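Results of the structural survey
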Amino acid sequence: MAGAAELPLTHAAAAEARRLRVRRQWVWSLGAALFLLAALVTGTLVGPVDIGVGAVARSVAAHLPFLGVKSHLSPTEDAILWQLRIPRVVLACLVGAMLSAAGATYQGVFRNPLADPYLLGVAAGAGLGATLSIAYGKGTAAAGDLVPLAAFGGATGAVVLAYTLGRSAGAARGPAALALAGITVASFLTAVQTFVQQQHTDTLQAVYSWILGRLDTAGWHDVVLLLPYAGVSAAVLLAHRRLLDVLTLGDDEAASLGVSVGRLRVVLVAAATLGAAGAVAVSGLIGFLGIIVPHAIRLVAGGSYRIVLPLSLVVGAGFLVFADVLARTVIAPAELPIGVVTAFFGAPFFAIVLRTSRMVGP
């Protein structure tokens, strides 16, 4: 009788726990959405030319069909808003979302909290591709368009090489072999990049400007270039976020639950790499985002990838927009490389996250 009485209580407790979990997820999702909205508004309004909130709102409404609203901005203000600020903010959102989601995915796939989007050589490959393009493509008519293409090709090529090398070690080695292969490939490509830089010292400033990350030249062309890769990457990662939770249990446990571990790992790594490579191609190398954002989300919202991945996309987008605002205002009228800003705030924040996780850990 006691066992029969306890059974409904157990079900009731489980149902209540689920309701609390869902409620918490909605609260954190709303908080992330408000954070992103605040970033969008701040990024759009802040600049050397003062454009009021009302004027921006009317201009946005004027660009929407069927509303019949007329913008009161001058041609100069309209160009500043729609050709400089808004594309820059949109690009920062896409780049931040991709790097944060890729970092969260890599941490789940490799079961390593320190994994970041550049683990398999994305940064080294993109750096080499961009360096080659800048060094050998200067003076050509399409030199500006070659850099993102070369960076994307170098990033994806590096990951393919690292994955091939890791698989050659045998499936039993699993994520550890892939991580070591990524380190090996990154070291080799970095050495090649250094050699090319030494042979073309006149391009050092352009190369380092790209390496440190930049959004100051962002335009709608860059947004259109990144958008399809970001869309495919985000869709695939979100569709597999429940399976990523299973994968974190270990290969044997995941396989016993009917998951094709090898296929799932390839899909997740390919999708994360697609987004990270596209982001790096248009923005240069921006560090810490793929570690800081997922860690912060896990501390406040839990470790399930059903919530970590969506929030990483939203919070990562807002975080990079705020970082870009700082990059263009701290030493105005000059600008800091955005990679410097993320590193400046990311390193101490990461130390705080590590200390906090130790304090609240088992």
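Our structure is the block above this text.
A short tour of the structure in this document, coming up. Just so it is clear, the model here is predicted, and its values are computed rather than measured.

Evaluation of the coordinates by the stated rule reveals four aromatic pairs. Ring centres 5.7 Å apart and planes at 65° place the aromatic pair Y106 and F110 in the edge-to-face group. Here Y106 falls in the buried class, since its relative accessible area comes to 1%. Classification of F110 by relative accessible area gives buried; the value is 8%. With a centroid separation of 4.8 Å and 40° between ring planes, the pair formed by F152 and Y229 is classed as tilted. Here Y229 lies in helix α8 (residues 220-239) and F152 lies in helix α5 (residues 143-168), a separation of 77 residues in the sequence. Judged by its relative accessible area of 17%, F152 falls in the buried class.

With respect to the secondary-structure elements, H200 resides in the loop between α6 (175-199) and α7 (204-211). Under the relative-accessibility criterion, H200 is labelled buried at 16%. Those residues in contact with H200 that sit more than four places away from it in its chain are A135 and Y136.

Looking now at unusual backbone geometry. Negative phi characterises most residues that are not glycine, and trans characterises most peptide bonds. With omega at 10°, the peptide bond leading from A332 into P333 counts as cis. Mapped onto the elements, P333 comes out in the loop between α13 (305-329) and α14 (338-360). Residues other than glycine seldom take positive phi values, yet R111 does so here, at roughly 50°. Residue placement: R111 occurs in the loop between α3 (75-109) and α4 (122-137).

What counts, and at which threshold
Residues numbered from 1 in each chain as written. Predicted model: local features only at pLDDT ≥ 70, side-chain atom pairs only at ≥ 80, totals over all residues. Heavy atoms only, no water. Phe/Tyr/Trp six-rings, centres within 6.5 Å; stacked < 30°, edge-to-face > 60°. Buried < 20%, exposed > 50% of the residue type's maximum accessible area, 1.4 Å probe, protein only. Helix = DSSP H or I, 4+ residues; strand = E, 2+ residues; numbered from the N terminus. Contact = heavy atoms within 4.5 Å.

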